[in-house]
Amino acid sequence: MKKPPSRNILLVCKARHERATALGEEIGTWLRRQGHRATVITAEQDSPAYGQEDLDFVVVLGGDGTMLGVARRLVGRGVPVLGINFGRVGFLTDAQPDQWQDKLVECLYGDEPVRACMALTWSVTRQGGVLASGHGVNDVVLSRGSLARLVSMEIAVNGVRMGALRSDGVIVCTPIGSSGYSVSAGGPLLYPSMEALGFVPICPFLNTIAPMVFDGNTSLTMEILHGSTDCYLTADGQEGMLLERGDVVRVGGLPAAVQFMGEGTCFFERLRSRGFVLQGAPGGLGGGLA
């Protein structure tokens, strides 16, 4: 077999996980012996290795949380991510630790499929200036603080006023994030390959605005109104900040902004593993999601 071209690979190991770190070092040594460049870091590091312009792909040794953290750093870069599962479920990962060499060979030869998924971009404007910004791969959530009081916000879609909302908050999710917090709050399930955004009010007062699905290029604007309780912004359940009254939060879709290597978990298998029941009449095919 012809030798693959030299690649530049970043290996990111789950933080404080001895087995993942040990395997990452083993894979890095193997790659270098094959003539490739390999950098090994842990997920807790804010490493300049992420910024290498000639990265061919990233290998993540961890679970879905580690995958999300790495994927957020690579939004819009066109650098695919391969996940080796060291988590509990591993929806985003595509290989088990004992499969790493076969998977790496396929990646090095370019035989591993790559699937592109939606991501989110968000920003917070305070007193006319951008205070913070970032990305989300699963969802961006605005939610109330510890007191059981409502958040009041004014919402616009692509610059057009939707209306005022009083609720415990809102969830804006991508298709791959729709089966998490969003569906638990009554939102729709979105097929992973769609270019769409889910918008889900959390316990809206008098059900003033229903869950909705928007085109993947949609931009949502939410202004925190005076009279609201404490409100927090959280991206992927991992990064967050406290908002103030008058803050304006913008969340937009980024189609095909993150890339994952491998076929990925079948959508319906993913639902079953999360406790969804695919109902069906005896002798027939499935009839719906419960």
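Residues numbered from 1 in each chain as written. Predicted model: local features only at pLDDT ≥ 70, side-chain atom pairs only at ≥ 80, totals over all residues. Heavy atoms only, no water.

Novice: An account of the overall build of the protein chain is requested, with residue identities and associated values reported.
Specialist: For the protein chain, the helix and strand inventory stands at 5 helices and 18 strands. Computed over its C-alpha atoms, the radius of gyration of the protein chain comes to 21 Å, within 12% of the 19 Å expected for a compact globule of 290 residues. Each principal axis of the C-alpha distribution contributes one length, and for the protein chain these read about 65 × 60 × 30 Å. The proportion of buried residues among the 290 residues of the protein chain is 51%. If you sum the accessible surface of the protein chain, you get close to 13800 Å²; carbon and sulfur atoms cover 49% of it. Taken as two groups, the 25 positive and 28 negative side-chain charges of the protein chain have centres that lie 2 Å from each other. (Helix = DSSP H or I, 4+ residues; strand = E, 2+ residues; numbered from the N terminus. Rg over C-alpha atoms; globule rule 2.2 N^0.38 Å. Buried < 20%, exposed > 50% of the residue type's maximum accessible area, 1.4 Å probe, protein only. Areas by Shrake-Rupley, 256 points an atom, 1.4 Å probe, with all protein chains shown as cover. Lys, Arg positive; Asp, Glu negative; His and termini not counted. Charge placed at Lys NZ, Arg CZ, Asp CG, Glu CD.)

Novice: Describe the environment of D247, listing the residues and the values that go with them.
Specialist: Along the chain, the position of D247 falls in the loop between strand 15 (239–243) and strand 16 (248–261). Relative accessible area serves as the criterion here: at 1%, D247 is assigned to the buried category. Sequence spacing of D247 and V160 is 87 residues, and the spatial spacing of their C-alpha atoms is 18 Å. In this structure the side chain of D247 is engaged in a polar contact, spanning 2.7 Å, whose partner is the side chain of R126. (Polar contact = N/O pair within 3.5 Å; in protein donor to acceptor, adjacent residues only side chain to side chain.)

Novice: Describe the sheet that holds strand 15, with residues and values.
Specialist: With respect to topology, 6 strands assemble into an open sheet ordered 12-11-10-7-14-15, the strand pairing being antiparallel. In this open sheet, the two edge strands, each paired with only one partner strand, are strand 12 (212–215) and strand 15. With direction set aside, neighbouring strand axes in the sheet form an average angle of 15°. As judged from the 5 bridges shared by strand 10 (residues 169–173) and strand 11 (residues 196–202), these two strands associate in the antiparallel manner. Looking at strand 11, one finds that C173 is bridged to G198. (Pairing = 2+ DSSP bridges. Axes fitted to C-alpha atoms, helices over the stretch in contact; angles between N-to-C directions.)

Novice: If you had to explain unusual backbone geometry to someone new, which residues and values would you point to?
Specialist: Positive phi, close to 55°, is recorded for R16, a residue that is not glycine. Within the fold, R16 resides in the loop between strand 1 (8–13) and helix 1 (18–33). R16 gets classed as exposed once you look at its relative accessible area, which sits at 71%.

Novice: Give a description of the pairing of strand 7 (residues 139–144) that names residues and reports values.
Specialist: Each regular strand carries side chains that alternate between the two faces of the sheet. Along strand 7, 5 of the 6 residues are buried, which leaves the element largely enclosed by surrounding structure. Bridge count for strand 7 against strand 10 is 5 bridges, and the pairing is antiparallel. The partner of D139 across the bridge, within strand 10, is C173. Where strand 7 and strand 14 (residues 231–235) come together, 5 bridges link them in antiparallel fashion.

Novice: If you had to explain helix 1 to someone new, which residues and values would you point to?
Specialist: Taking 1.5 Å per residue as the helical rise, helix 1 with its 16 residues ought to reach 22 Å, and the 23 Å between its terminal C-alpha atoms agrees with that figure. Looking only at helix 1, the buried set comprises A20, L23, G24, I27, G28, W30 and L31. Summarising the axial view, the buried residues of helix 1 lie within an arc of 165°, below the 170-degree limit, and thus occupy one face. Among the exposed residues of helix 1, those pointing more than 90 degrees away from its buried face are E18 and R33. Those residues of helix 1 that are buried are in contact with strand 1, strand 2 (37–42), strand 3 (57–62), strand 4 (81–85) and helix 3 (100–108). G35 sits one or two residues past helix 1 and shows a positive phi near 95°. (Expected span 1.5 Å × (residues − 1). Arc of directions from axis to C-beta. Contact = heavy atoms within 4.5 Å.)

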